[in-house]
Amino acid sequence: MKKLCFTAVLAVLSAACMFKPLPDVPTLGEVQLPVAAEKDTVWTSAEHQGKPVLIVFMGSWCPWCKKSMPAVQAAKEKFGDQAEIVAVFMDNKADPVVKVAKEHDFTVTALYDGGAIAQSLEVHGLPHAVLFDKKHRVVKHWEGFSPNLGDEFQTHLENVTK
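About the thresholds
- Sequence order sets the numbering: in each chain, residues are counted from 1 along the sequence as written.
- The model is predicted, so local features are restricted to residues of pLDDT at least 70 and side-chain atom pairs to those at 80 or more, both for listing and for counting; the totals for chains, interfaces and linings are taken over all residues.
- Heavy atoms from the whole structure form the basis of all side-chain values; hydrogens and water molecules are not counted.
- In this scheme, strands are said to pair when DSSP sees at least two bridges between them.
- Think of it this way: any DSSP run of H or I at least four residues long counts as a helix, any run of E at least two long counts as a strand, and we number them from the N terminus.
- What counts as an axis is a line fitted to C-alpha atoms, over the stretch in contact for a helix, and the angles between N-to-C directions run from 0 to 180 degrees.
- By the convention used here, residues are in contact when the closest approach between their heavy atoms is within 4.5 Å.
- Here the term cavity refers to a set of points on a 1 Å grid, laid over the protein atoms alone, in which a 1.4 Å probe fits but cannot get out; the term pocket refers to an open set having protein on both sides within 12 Å along at least five of seven lines, with lining residues being those that place an atom within 4 Å of a point.
- Grid points are joined across faces, edges and corners, and a volume is the space filled by probe spheres set on the points.
- Three classes are used: nonpolar for Ala, Val, Leu, Ile, Met, Phe, Trp, Tyr, Cys and Pro, charged for Asp, Glu, Lys and Arg, and polar for all others, with Gly counted as polar.
- When accessible area is computed with a 1.4 Å probe and restricted to protein chains, residues below 20% of their type maximum are described as buried, those above 50% as exposed, and intermediate ones as partly exposed.
- The reported arc concerns the directions from the helix axis to the C-beta atoms and nothing else.
- A pair of Phe, Tyr and Trp rings is counted when the ring centres sit within 6.5 Å of each other, with Trp represented by its six-membered ring. The angle between the planes then sorts it: under 30 degrees is stacked, over 60 is edge-to-face, the rest tilted.

Draft legend 1. Structural context of the sheet that holds strand E6 (residues 128-132). Pairing in this open sheet of five strands is mixed, and the strands run E5-E4-E3-E6-E7 from one edge to the other. Of all strands in the sheet, those bounded by a partner on one side alone are strand E5 (109-111) and strand E7 (138-143). Strand-to-strand twist in this sheet, taken as the mean axis angle between neighbours without regard to direction, amounts to 20 degrees. The strands touched by helix H5 (residues 149-160) within the sheet are strand E3 (53-58), strand E4 (84-89), E6 and E7, with E7 carrying the most contacts at an inclination of about 175 degrees.

See below:
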């Protein structure tokens, strides 16, 4: 009987050691960034609780970011009522962001001074998109430009807006 109890305890302890805690799922957290086209207006993530959020990190100087603008614009046009879609520019000033948005007929809410949030989400290159679900947990990352980016945004936004 002692051998059986000892073996059972040993098995339970061994099994407990094999399980690793689940990793923390990154979340959006509290974000506040200035809106480029609206002086003294701040966009906050808290205003969009219960709604999926797609953030696309860009730079006004980045040619691949400019190529991705139509995909982001199309996502905003199709899912803008069901999800919050914003472009977060790394630029420290609003003027270059406003200029590039006008040049490309980009009407997506453009935020600027996004370096801190980009760093917290481990954004290493541009463009970089992050999709958050309704609880603002990270669902998907996209790094760089792809001709399929628009289709991928559409597919994943359909899934998180259901």
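Draft legend 2. Here's a closer look at the layout of surface pockets. What the largest pocket holds in volume is close to 200 Å³. Around the largest pocket sit 16 residues that line it, and Val 35, Ala 37, Val 108, Thr 109 and Ala 110 are the ones nearest its centre. Secondary structure elements with two or more residues in the lining of the largest pocket: strand E2 (42-44), helix H3 (94-103) and E5. Looking at the lining of the largest pocket element by element, the count peaks at four residues for H3. A breakdown of the residues in the lining of the largest pocket according to their chemical character gives 11 nonpolar, three polar and two charged.

Draft legend 3. Geometry of H3. Within H3 the residues assigned to the buried category are Ala 94, Val 97, Val 100 and Ala 101. Down the axis of H3, the sector holding all buried residues measures 135 degrees, keeping them to one side. Exposed side of H3, more than 90 degrees from the buried face: Asp 95, Lys 99 and Lys 102 are the residues found there. Looking at the buried positions of H3, the neighbouring elements they touch are helix H2 (63-79), E4 and E5. Positive phi shows up at Asp 105, right after H3, with a value of about 45 degrees.

Draft legend 4. Quick peek at the environment of Ala 101. Structurally, the position occupied by Ala 101 is in helix H3. What makes Ala 101 buried here is its relative accessible area of 10%. Along the backbone, Ala 101 and Lys 66 are 35 residues apart, and their C-alpha atoms lie at a distance of 9.0 Å.

Draft legend 5. Geometry of the packing of aromatic side chains. Counting across every chain of the model gives two aromatic pairs. A centroid spacing of 5.8 Å and a plane angle of 25 degrees characterise the contact between Trp 64 and Phe 145, whose relative ring orientation is stacked. Taken as a pair, Trp 64 in helix H2 and Phe 145 in the loop between E7 and H5 lie far apart in primary sequence, 81 residues in all. With a relative accessible area of 45%, Trp 64 lands in the partly exposed category. What makes Phe 145 partly exposed here is its relative accessible area of 30%. Between Trp 142 and Phe 153, the aromatic rings sit 4.9 Å apart at their centres with planes inclined by 90 degrees, giving edge-to-face as the arrangement. Of this pair, Trp 142 sits in strand E7 while Phe 153 sits in helix H5; the two residues are 11 residues apart in sequence, bridging distant segments of the chain.

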